[in-house]
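One-letter residues, chain by chain:
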Amino acid sequence: DVKVTQSSRYLVKRTGEKVFLECVQDMDHENMFWYRQDPGLGLRLIYFSYDVKMKEKGDIPEGYSVSREKKERFSLILESASTNQTSMYLCASSLVEGGFQRAIYEQYFGPGTRLTVT
Amino acid sequence: AQTVTQSQPEMSVQEAETVTLSCTYDTSESDYYLFWYKQPPSRQMILVIRQEAYKQQNATENRFSVNFQKAAKSFSLKISDSQLGDAAMYFCAYRSVASGTYKYIFGTGTRLKVLA
């Protein structure tokens, strides 16, 4: 079974702190994603990475950065946490869509990190 | 830009009964995938079912089936013989297959309650 793990289930930080959220997947997936989940808004993509050191901005990248130094690990960084970044953060991974075979691979999600910024 | 709409924030169903969750989407593309994901309370989100737009046959996975109406841009999820373990947040998602795209577009979710 694919396993996606996130470093913390719950995190409480103070305004202005630098926050690191870690995500690790064990199935050699090329694609990794960071989402933010808020009630009534669904999942919104923050950043996406399709390879080591490669990243692309999603819909709401402001206030966030990411790092992917190893294939299995994708980190989300809040440079200076603010109260409006209080949310549930979900990491996901998937295989890259492949070659001559049409296949859109499902995303595998981590358990989420509920971040509270006070 | 593509959008996904789930108009039912919350639904309830009696155990053993059938419930249908609605999802509509907007796209100008003809080639895409649609997904239903389930997020149980305090547990990881998992894929329930997937439908490829080019396949006319509706996807089925055990008690879960979809009603895919491409012209109407509708993708509803039917859960038969509902069980207590079906209680969860359900998200509908769209994924283009156009080259260079990678985004999954999610709806706002429907919370399903199963009544004993």
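Located above this text is the structure these notes cover.
About the criteria used
- Residues numbered from 1 in each chain as written.
- Chains lettered and ligands numbered in written order.
- Predicted model: local features only at pLDDT ≥ 70, side-chain atom pairs only at ≥ 80, totals over all residues.
- Heavy atoms only, no water.
- Helix = DSSP H or I, 4+ residues; strand = E, 2+ residues; numbered from the N terminus.
- Rg over C-alpha atoms; globule rule 2.2 N^0.38 Å.
- Buried < 20%, exposed > 50% of the residue type's maximum accessible area, 1.4 Å probe, protein only.
- Contact = heavy atoms within 4.5 Å.
- Areas by Shrake-Rupley, 256 points an atom, 1.4 Å probe, with all protein chains shown as cover.
- Lys, Arg positive; Asp, Glu negative; His and termini not counted.
- Charge placed at Lys NZ, Arg CZ, Asp CG, Glu CD.
- Core = buried A, V, L, I, M, F, W, Y, C linked by side-chain atoms within 4.5 Å.
- Salt bridge = Lys/Arg side-chain N within 4 Å of Asp/Glu carboxyl O.
- Polar contact = N/O pair within 3.5 Å; in protein donor to acceptor, adjacent residues only side chain to side chain.
- Nonpolar A, V, L, I, M, F, W, Y, C, P; charged D, E, K, R; others polar.
- Pairing = 2+ DSSP bridges.
- Axes fitted to C-alpha atoms, helices over the stretch in contact; angles between N-to-C directions.
- Disulfide = S-S within 2.5 Å.

Within chain B, the regular secondary structure consists of 0 helices and 12 strands. Start at the N end of chain B and walk to the C end: the helices and strands fall as β-β-β-β-β-β-β-β-β-β-β-β. Here chain B has a C-alpha radius of gyration of 14 Å; the compact-globule value for 116 residues is 13 Å, and the two agree. If you line up chain B on its principal axes, its C-alpha atoms span 45 × 30 × 20 Å. Taking all 116 residues of chain B together, the buried fraction comes to 49%. If you take every contact in chain B between residues at least 6 apart in sequence, the share linking residues at least 24 apart comes to 56%. Of the roughly 5700 Å² of accessible surface on chain B, 45% is carried by carbon and sulfur atoms. Charged side chains of chain B number 12 positive and 10 negative; the gap between the two group centres comes to 5 Å.

What follows is about the overall build of chain A. Tallying secondary structure elements over chain A gives 0 helices and 11 strands in all. From first element to last, N terminus to C terminus, chain A shows the α and β order β-β-β-β-β-β-β-β-β-β-β. For chain A, the C-alpha radius of gyration of 14 Å lies close to 13 Å, the compact-globule estimate for 118 residues. Counting only C-alpha atoms and orienting by the principal axes, one finds that chain A spans roughly 50 × 30 × 25 Å. Of all intrachain contacts in chain A linking residues separated by at least 6 positions in sequence, the fraction that spans at least 24 positions is 57%. For chain A, the accessible surface area stands at approximately 5900 Å², while carbon and sulfur atoms represent 52% of it.

In this section: the nonpolar core. All names here are of chain B. Counting 26 residues, the largest nonpolar core has Tyr25, Trp36, Phe75, Leu77, Tyr90 and Leu112 as the members making the most contacts within it. Mapped onto this core, the elements with two or more residues apiece are strand S3 (19–21), strand S5 (32–39), strand S6 (46–52), strand S8 (64–69), strand S9 (74–79), strand S10 (88–96) and strand S12 (110–115). Ignoring any residue separated from it by four or fewer positions in sequence, one finds Leu77 in contact with Val19, Thr20, Leu21, Trp36, Val48, Ile49, Phe64, Ser65, Val66 and Tyr90.

Attention now moves to the interface of chain A and chain B. Tallying the contact residues gives 26 residues for chain A and 21 residues for chain B. The tally of links from chain A across to chain B stands at 1 salt bridge. Among the ionic pairs, Asp59 of chain A bridges to Lys103 of chain B, the shortest N-O distance being 2.5 Å. The tally of links between chain A and chain B comes to 6 residue pairs in polar contact (both at pLDDT 80 or more). Of all elements in the fold, only strand S4 (31–38), strand S5 (42–51), strand S6 (54–57) and strand S9 (87–94) of chain A reach the threshold of two or more residues within the side of chain A that touches chain B. Per-element tally for the side of chain A that touches chain B: the top contributor is S5 of chain A, with 4 residues. For the side of chain A that touches chain B, a count of residues per class yields 13 nonpolar, 6 polar and 7 charged.

Right, let's get into unusual backbone geometry. Not every positive phi belongs to a glycine, and Lys53 of chain A is a case in point at roughly 65°. With respect to the element layout, Lys53 of chain A can be found in the loop between S5 and S6. Its identity is not glycine, yet Ser42 of chain B carries a phi of approximately 60°, on the positive side.

Pairing between side chains becomes possible if they bear opposite charge and their charged atoms approach one another. A complete count under the given rule lists 10 salt bridges over all chains for this structure. One network of salt bridges, in which partners are shared, links Arg36, Asp38 and Arg44 of chain A.

All names here are of chain A. Read from one edge to the other, the open sheet built from 4 strands follows the order S1-S3-S8-S7, with strand pairing classed as antiparallel. The open sheet has two free edges, formed respectively by strand S1 (4–6) and strand S7 (64–70), since each of these has just one partner strand. Going from strand to strand, the sheet's axes swing by 20° on average, the running direction of each strand aside. In this sheet, strand S8 (residues 73–78) lies alongside S7 in antiparallel orientation, the contact comprising 5 bridges. Along S8, the bridge assignment pairs Tyr64 with Leu78.

Before going further, it helps to examine the state of the cysteines. Residue and element names in this part refer to chain A. If you walk through the whole model with that rule in mind, you get 2 disulfides over all chains. Paired through a disulfide, Cys23 and Cys91 show a sulfur-sulfur distance of 1.8 Å. Judged by the sign of its S-S torsion, about -75°, the cystine formed by Cys23 and Cys91 is left-handed. Separated by 68 residues along the polypeptide, Cys23 in strand S3 (residues 19–25) and Cys91 in strand S9 bring together distant segments of the chain.

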